[in-house]
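Each chain is listed here by its residues.
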Amino acid sequence: MPDFGSWATAWWKPILFVIVAGHLTNVSVTLFLHRAQTHRGVKLHFLAALPMRLWLWLSTAIVTKEWVACHRKHHAFADREGDPHSPLMEGLRNIVLKGAFYYRKTVRQPGVLDKYGKGTPNDWLERHLLSPLNWVGILVMLAVDIYLFGFFVGPLVWGVQMIWIPFWAAGIVNGVGHAVGYRNFDVKDESRNISPIAIWLGGEELHNNHHADPHSAKFKAKWYEFDIGWMYLRLLSIFGLAEISYARR
Ligand SMILES: [Zn+2]
Ligand SMILES: [Zn+2]
């Protein structure tokens, strides 16, 4: 076990931590919340889903049913009236800077969770910890960060972790991914692929490909594109930890 504050002894340690932790968060969002829970393109084994659920609890306070409902509603109304977060309707600046606000507004609307949030986990863990005590996880994370990085750097590291998903997912994917980039598919919404090499956001960069075939667990569509989330899924399936229900050819 590291000593109190010992991970703040070199400038690169907190930075490396934030990058690795952020990548784990992005991967948990794309594999568990997005590809498995929302669109059912893959079935994750309990042992693969559990660490992702716990990590999302610690690092984001996201409630699975809420996220799934908001995102399914986005697909149902993409870039039309009713889309929870369309840069076409609300302006790109608003979505990038206030993505979390639009998310909260949607999941609080009456009926949205019942209509769009069906089929998400309802086990003991979900009912007693992850949903009702979703805010406790991020406080545990704060304590861990303070222990590892001390009273000054610890809260800073935690602050970056807390704005990570509101910025990268709610802001960049939902905003930029519907405004800037290239299109492989002429779908009805404004979705764009932000970059053909999709590592940083776990594959979510290929957002136009995703809108063209939402059920597919594989976001890559062209030979020159790379979807790291799909690579992880193939690795998990080799070990029997993921079962691909559908993937585009
Ligand atoms: Zn979208
Ligand atoms: Zn989706």
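Reference entry: report on the structure contained in this document. (Residues numbered from 1 in each chain as written. Chains lettered and ligands numbered in written order. Predicted model: local features only at pLDDT ≥ 70, side-chain atom pairs only at ≥ 80, totals over all residues. Heavy atoms only, no water.)

### Some thoughts on the coordination of the zinc ion (ligand 1)
The condition is simple: Any nitrogen, oxygen or sulfur atom within 2.8 Å of a metal ion counts as a donor, with the limit raised to 3.2 Å for Na, K and Ca, and since water is left out, coordination shells can look unfinished. Sites are called tetrahedral only when four donors show all angles between 85 and 135 degrees, square planar or octahedral only when four or six donors show opposite pairs over 155 degrees and all other angles between 65 and 115, and irregular in any remaining case. Under the scheme used here, helices are H or I runs from DSSP no shorter than 4 residues and strands are E runs no shorter than 2 residues, and both carry numbers assigned from the N terminus. The buried label goes to any residue with under 20% of its type's maximum accessible area, the exposed label to any with over 50%, and the partly exposed label to all in between, with areas taken from a 1.4 Å probe on protein chains only.
The coordination sphere of the zinc ion (ligand 1) contains the protein donors His74 (NE2), His178 (NE2), His207 (NE2) and His211 (NE2), at a distance range of 2.0 to 2.1 Å. Considering all four donor atoms around the zinc ion (ligand 1), angles at the metal cover 97 to 149° and the coordination shape is irregular. Counting the intervening residues between successive donors of the zinc ion (ligand 1) yields the motif H-x103-H-x28-H-x3-H. One end of the pair, His74, is in helix α3 (residues 64-77); the other, His207, is in helix α9 (residues 207-212), with 133 residues separating them in the sequence. As far as burial versus exposure is concerned, His74 and His207 are alike and both buried.

### Details of the coordination of the zinc ion (ligand 2)
Distances from the zinc ion (ligand 2) to its protein donors, namely His34 (NE2), His39 (NE2), His71 (NE2), His75 (NE2) and His210 (NE2), fall within the range 2.0 to 2.1 Å. A relative accessible area of 1% means that His34 is categorised as buried.

### Quick word on the nonpolar core
Condition: Residues grouped as a nonpolar core are buried Ala, Val, Leu, Ile, Met, Phe, Trp, Tyr and Cys residues, joined through side-chain atoms within 4.5 Å. For this analysis, residues touch if any pair of their heavy atoms sits within 4.5 Å.
Counting residues in each nonpolar core, the largest one holds 33 residues, and the members touching the most others are Phe17, Phe32, Leu33, Val42, Leu44, Leu233 and Leu236. Within the residue set of this core, elements represented by two or more residues are α1 (12-38), β1 (42-44), α2 (46-59), α3, α5 (92-108), α8 (134-175) and α10 (228-238). Take this core: its biggest share by element is nine residues, from α1. In this structure Leu233 touches Leu31, Arg35, Val42, Leu44, Ala217, Ala242 and Ile244, once residues within four positions along its chain are discounted. Val96, Val173, Val176 and Leu201 belong to the second-largest nonpolar core, a separate cluster that totals five residues.

### Re α3
Note the threshold: By definition here, a helix of n residues has an expected span of 1.5 Å times n minus one.
The terminal C-alpha atoms of α3, which comprises 14 residues, lie 20 Å apart, in line with the 20 Å expected from a rise of 1.5 Å per residue. For α3, the buried fraction is high: 10 of the 14 residues fall into the buried class. If you check which residues of α3 are buried, you get Thr64, Glu66, Trp67, Val68, Ala69, Cys70, His71, Arg72, Lys73 and His74. On the buried face of α3, the contacting elements are α1, α5, α6 (112-116), α7 (124-130) and α9. Directly after α3, the chain includes Asp79, whose backbone phi takes a positive value near 60°.

### Considerations on unusual backbone geometry
Notably, Arg40 is not glycine yet its phi reads approximately 60°, a positive angle. Residue position: Arg40 is located in the loop between α1 and β1. Arg40 gets classed as partly exposed once you look at its relative accessible area, which sits at 34%. With phi around 65°, Ala61 is a residue other than glycine that occupies positive phi space. The residue Ala61 is located in the loop between α2 and α3 in this model.

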